[in-house]
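These are the residues of each chain, in order.
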Amino acid sequence: MSMLLRDRRMLLPLLLAPGVGYLLLFFGGPLASAFIGSLRLEDGSFTLDWYSRIFTRPSMLRGLGTSIYFGVAPVVVSLLVSVPLSLAIRRHFVGRKLFSGLYKLPLAVPGIIVGLMIIVLFERGGFIDRAIAPLGFGLPKLVRDDWGVGVILASVWKQIPFMTLIITSAFAAIPEDIRFAGRTLGASRLATFFFVEVPLAMPGITAAVLLTFIGSMGSYAIPDIVGPPTARPLSVLMVEEFNLGRFPQVFAMGMVLSAFAVAVLVAYYTLTSRIGDAHGRGDAR
Amino acid sequence: MSMLEITDITKDYGASRALHPVSLSVDEGEFVTILGPSGCGKSSLLRIVMGISQQSGGEIRLAGKRIDMLPPERRDIAMVFQSYALFPHMTVEQNLRFGLRMKNVAKAEQQRRIAHAMEICTLTGLSSRMPRQLSGGQQQRVALARAIVMQPNLLLFDEPLSNLDAKLRDTLRHELVALHRRIGATSLYVTHDQAEAMAMSDRIVVMNAGRVIEVGTPLELYRSPRQAFTAGFLGQTNLLAVTASGRKAHLPWGQLVDLAEDAAGPGQVSVRPESIGIRACDRGGRDTGSCAPATVAGVSFMGASALYTVAIGDTLLKVSQAGGDALIEPGRTVALSFPDRLPLLEDRAPDREAA
Ligand SMILES: Nc1ncnc2c1ncn2[C@@H]1O[C@H](COP(=O)(O)OP(=O)(O)O)[C@@H](O)[C@H]1O
Ligand SMILES: [Mg+2]
């Protein structure tokens, strides 16, 4: 071992091995084999057919669109709830401690349970429907509906705690004096929020948005349980193809979904590093 | 005419009272400093005047109008924070422009005011820097410029120099005074540093434990403080218990001194170290009468002066002597002379309301 360590050329790879090696072995390996698998016909010859099917077959294209829709729509709704929620948590109110403990609970609940909960609550003839029936009201179709309201409800329920957690800490990181400075310079509460607080919290908000987007775009359990039967996202179609034994197709779909996630992450990193530069890490003179 | 008029402002944090009824006023163009030890309520008072903290009682008038119900953005007051509170996502110029945009100042006027403020705060050439690319002193100047461009009725400063090193603090102190002379903005300045307060202010408001103790010009408060707290907080002093009868009083070791006015009974006087005369007695002991009890216990040479600790009776006195040919060695007996017309101090009882 000491002999090995003395050889400087060996030192770097050795030091990197635990981290990079792990990534290569358990992440890069499967990804590479999936990628290779997605380029092969049954007989082992090269093909791009599996990819072209994704981008030409109507059901597949629909799946791709649905994946993006189920990624974007819940994030938009979650964001609209999480930002006001973050601001509310920052303020002092009675029961704030209890509340800020409780709102994190959904973090611990698996997606499949959330899906079942949504069915129990929002299905026609479900809990809420029966509860409001005596008043002469009935729920519209909210589960397995064409607009995926059930999926959005379930995803939002699951995303809000995570998003709120990140956004709250992003707002909390802004020093009180900076907010006050806005007010002393003639900005109303609202103007201070939009021109001072939101730009300063933007890295956190962006991180929350992109990470929840990646999560909900790839999620399987929720759209499978409460999603519309007519529009299945790629994740659900993948399992169908898997059950049919068309592994190269599964690999290709997986690659497309992963490429999306990676593209979003790359966009995030370039965006935040640019914001970081704008904040100026320059030398103080 | 007074620009700012603070009347009976109180502040309670839960059950504890941070400000007992506090009243003070600042004239137009005046530079007033609130001086007091840390925790005495200076920031609380300033934040209430700004409107970023709510008073528990009392009222505030600015240019004759009552402002204590207005939100901060409508008070026509600007503030320089101890932390500077610059917007980290904006350049220097954007920081200065922010308030002008919020107040809908015309573009050309914005430009003119920004250029002027950049110049008088010696920020020229830094307009496109981000705050993080600036030194502490530069950040402080940006904070100041950002307040000045607003041309407010009142400028508030909360210990703006306390985060800087001693040398820079000194430079900026002088710059601030010069700037105040030049633009004449009515200013209320908070500090716990008595040297800063004395060097900068037209008037000083001495605060302690949530009350105003005394108000006066730096000279008045230093030369003839009326309160024991003021005497002790501004510069060095000897606080001596005396027993007065008529115009005379006995110092603790029995020596008689002149008082400024008639008094009777026990009291307290403040004698500054530099107003006590000190002279070494002859070794032969010819003038033994006044020399006998006083002995030099210690001496530290300060450059421009020497600071002696003199033991007299049970008392240790601080005595400073400027110039002087040679230091008096410890152990020597000395003759001390006290100034005439010493004023008796009032020791404001803690439960009396400050005026
Ligand atoms: N937000 C607050 N909550 C409770 N007590 C406070 C708060 N702010 C200040 N205080 C208390 O009020 C007193 C005065 O504080 P402050 O005005 O900050 O003093 P100074 O600026 O003179 O150092 C202190 O005893 C401090 O502990
Ligand atoms: Mg303070």
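Sequence order as written defines residue numbering, which begins from 1 separately in each chain. Labels follow written order: the first chain is A, the first ligand is 1, and so on. Local features in this predicted model are restricted to residues whose pLDDT is 70 or higher, and side-chain atom pairs enter the listing and the counts only when it is 80 or higher, whereas totals over whole chains, interfaces and linings include all residues. Values shown for side chains rest on all heavy atoms present in the structure; no hydrogens or waters enter the calculation.

Considerations on empty space enclosed by the protein
Residue and element names in this part refer to chain B. Using only the protein atoms, space was sampled on a 1 Å grid; points where a 1.4 Å probe fits but cannot get out form cavities, open sets with protein on both sides within 12 Å along at least five of seven lines form pockets, and lining residues are those with an atom within 4 Å of a point. Grid points are joined across faces, edges and corners, and a volume is the space filled by probe spheres set on the points. Within this structure, the stated rule accounts for 2 cavities of 30 Å³ or more. Its boundaries defined by the atoms lining it, the largest cavity holds a volume of some 50 Å³. Forming the boundary of the largest cavity are Phe31, Leu144, Leu155, Phe157, Leu176, Leu179, His180, Ile183, Ala185 and Ser187. In this text, helices come from DSSP runs of H or I with a minimum length of four residues, and strands from runs of E with a minimum of two, each type numbered from the N-terminal end. Elements that contribute at least two residues to the lining of the largest cavity include exactly strand E7 (154–158) and helix H5 (166–183).

Some points on the packing of aromatic side chains
Centres within 6.5 Å make a pair out of two Phe, Tyr or Trp rings, where for Trp the six-membered ring is used; the pair is then stacked when the planes are under 30 degrees apart, edge-to-face when over 60, and tilted otherwise. Under the counting rule described, the total for this entry stands at 11 aromatic pairs over all chains. Arranged with centres 5.1 Å apart and planes meeting at 75°, the rings of Phe193(A) and Phe194(A) form a pair that is edge-to-face. Arranged with centres 6.3 Å apart and planes meeting at 25°, the rings of Phe31(B) and Phe157(B) form a pair that is stacked. Highlighted residues: Phe31(B) in strand E3 (residues 31–35) and Phe157(B) in strand E7, separated in sequence by 126 residues. Three labels apply to residues, based on accessible area from a 1.4 Å probe with only protein chains included: buried if under 20% of the type maximum, exposed if over 50%, partly exposed otherwise in between. In this structure Phe31(B) comes out as buried when scored by relative accessible area, which is 1%. Look at Phe157(B) and you get buried, because its relative accessible area is 2%.

Here we look at the nonpolar core
Core analysis: the biggest nonpolar cluster contains 112 residues, and Leu4(B), Leu24(B), Leu45(B), Leu156(B) and Leu188(B) have the highest contact counts within it. Ranked by residue count, the leading element in this core is helix H10 (residues 189–218) of chain A, at 11 residues. Here, residues are in contact when the closest pair of their heavy atoms is within 4.5 Å. The residues touching Leu24(B), leaving out its near neighbours within four places in the chain, are Leu4(B), Glu5(B), Ile6(B), Ile34(B), Leu45(B), Leu188(B) and Val205(B). Counting residues in each nonpolar core, the second largest holds 26 residues, with Val271(B), Ala306(B), Tyr308(B) and Val334(B) among its members. Side-chain atoms within 4.5 Å are what join buried Ala, Val, Leu, Ile, Met, Phe, Trp, Tyr and Cys residues into a set we call a nonpolar core.

Looking at helix H12 (residues 234–244) of chain A
Three or more residues of H12(A) are buried, namely Leu234(A), Ser235(A), Val236(A), Leu237(A), Met238(A) and Glu241(A). Positive backbone phi, approximately 80°, marks Gly245(A), located one or two places after H12(A).

Points about the pattern of salt bridges
What counts as a salt bridge is simple: a side-chain nitrogen of Lys or Arg found within 4 Å of a carboxyl oxygen of Asp or Glu. Scanning all chains against the criterion turns up 21 salt bridges over all chains. For Arg183(A), the salt bridge is made with Glu73(B), and the minimal N-O distance between the two is 2.8 Å. Within this pair, whereas Arg183(A) is found in helix H9 (residues 176–184), its partner Glu73(B) is found in the loop between strand E5 (65–66) and strand E6 (77–80), the two belonging to separate chains.

Quick word on the packing of helix H8 (residues 149–172) of chain A against H10(A)
Residues and elements named next belong to chain A. Remark: H8 packs on H10, axes separated minimally by 9 Å, with the N-to-C direction vectors making an angle of 150°. What the angle tells us is that H8 and H10 run roughly antiparallel. Two packed elements cross with a definite hand, and for H8 against H10 that hand is right-handed. The residues of H10 that touch H8, namely those facing Gln159, Phe162, Met163, Ile166, Ile167, Ala170 and Phe171, are Phe193, Glu197, Val198, Ala201, Gly204, Ile205, Ala208, Val209, Leu211, Thr212 and Ser216. Three categories are distinguished: nonpolar for Ala, Val, Leu, Ile, Met, Phe, Trp, Tyr, Cys and Pro, charged for Asp, Glu, Lys and Arg, and polar for the others, with Gly belonging to the last. Its residues placed into classes, the contact of H8 with H10 shows 13 nonpolar, 4 polar and 1 charged. Here, axes are lines fitted to C-alpha atoms. For helices the fit covers the stretch in contact, and angles between N-to-C directions go from 0 to 180 degrees. Should an angle fall under 35 degrees it is called roughly parallel, over 145 degrees roughly antiparallel, and 65 to 115 degrees roughly perpendicular, with every other angle called oblique. Each crossing gets its handedness from the near helix: less than a right angle anticlockwise from the far helix is left-handed, clockwise is right-handed.

With respect to the side chain of Arg75(B)
Residues and elements named next belong to chain B. Note on placement: arginine 75 falls in the loop between E5 and E6. For arginine 75, which is buried and forms no salt bridge, the nearest opposite charge comes from aspartate 68, at a distance of 6.4 Å. A 3.5 Å cut-off defines polar contacts: any pair of N or O atoms within that distance qualifies, except that in protein one atom must be a possible hydrogen donor and the other a possible acceptor, and neighbouring residues in sequence count only when both atoms are side-chain atoms. Here the side chain of arginine 75 touches isoleucine 48 through a polar contact of 2.9 Å, landing on its backbone oxygen. Looking at arginine 75, its side chain comes within polar contact range of the main-chain oxygen of valine 49, at 2.9 Å. For arginine 75, the contacting residues outside a window of four places in its chain are Ile48, Val49, Met50, Gly51, Leu62, Ile67, Asp68, Met69 and Leu70. We treat Lys and Arg as the positive residues and Asp and Glu as the negative residues; His and chain ends play no part in the count.

Notes on the sheet that holds strand E4 (residues 57–62) of chain B
All names here are of chain B. In this description, strands pair whenever DSSP reports at least two bridges between them. Read across the open sheet, the 4 strands follow the order E2-E1-E4-E5; overall the sheet is antiparallel. Looking along the sheet, the strands with just one partner apiece sit at the ends: strand E2 (16–27) and E5. As judged from the 8 bridges shared by strand E1 (residues 2–13) and E2, these two strands associate in the antiparallel manner. The residue bridging aspartate 12 from the neighbouring strand is arginine 17, located in E2. Where helix H1 (residues 42–50) meets the sheet, its contacts fall on E1, E2 and E4, and the angle it forms with E1 comes to roughly 120°.

A look at the site of ligand 1
All names here are of chain B. We define proximity as follows: a residue is near a molecule or strand when any one of its heavy atoms falls within 4 Å of that partner. Looking at ligand 1, the residues that line it are Tyr13, Ala18, Pro37, Ser38, Gly39, Cys40, Gly41, Lys42, Ser43 and Ser44. In this structure, an oxygen atom belonging to ligand 1 sits 2.7 Å away from a side-chain N or O atom of serine 43. Here the Shrake-Rupley method, with its probe set to 1.4 Å, supplies the accessible areas, and only the displayed protein chains count as covering residues. Protein coverage of the free-state accessible area of ligand 1, which is 550 Å², stands at 53%. Per-element tally for the shell around ligand 1: the top contributor is H1, with 3 residues.

Structural notes on the domain arrangement of chain B
Structurally, chain B comprises domain 1 (2–223), domain 2 (236–271 + 342–352) and domain 3 (273–279 + 289–337). Taking only C-alpha atoms into account, the centre of domain 1 of chain B sits 42 Å from that of domain 3 of chain B. Note that the domain bounds were set by an automatic or database domain assignment.

So, the environment of Phe127(A)
Residues and elements named next belong to chain A. In this structure, phenylalanine 127 sits in helix H7 (residues 127–132). We classify phenylalanine 127 as exposed; its relative accessible area is 53%. Apart from the residues within four sequence positions on either side, phenylalanine 127 is in contact with Val120 and Leu121.

Thoughts on the confidence of the model for chain A
Every residue carries a pLDDT, the predictor's confidence in it, which falls somewhere between 0 and 100. Looking at chain A as a whole, the pLDDT averages 84, with 93% of positions reaching at least 70. Within the model, the stretch residues 278–285 of chain A combines pLDDT values under 50 with 20 contacts to residues more than four positions away or in other chains.

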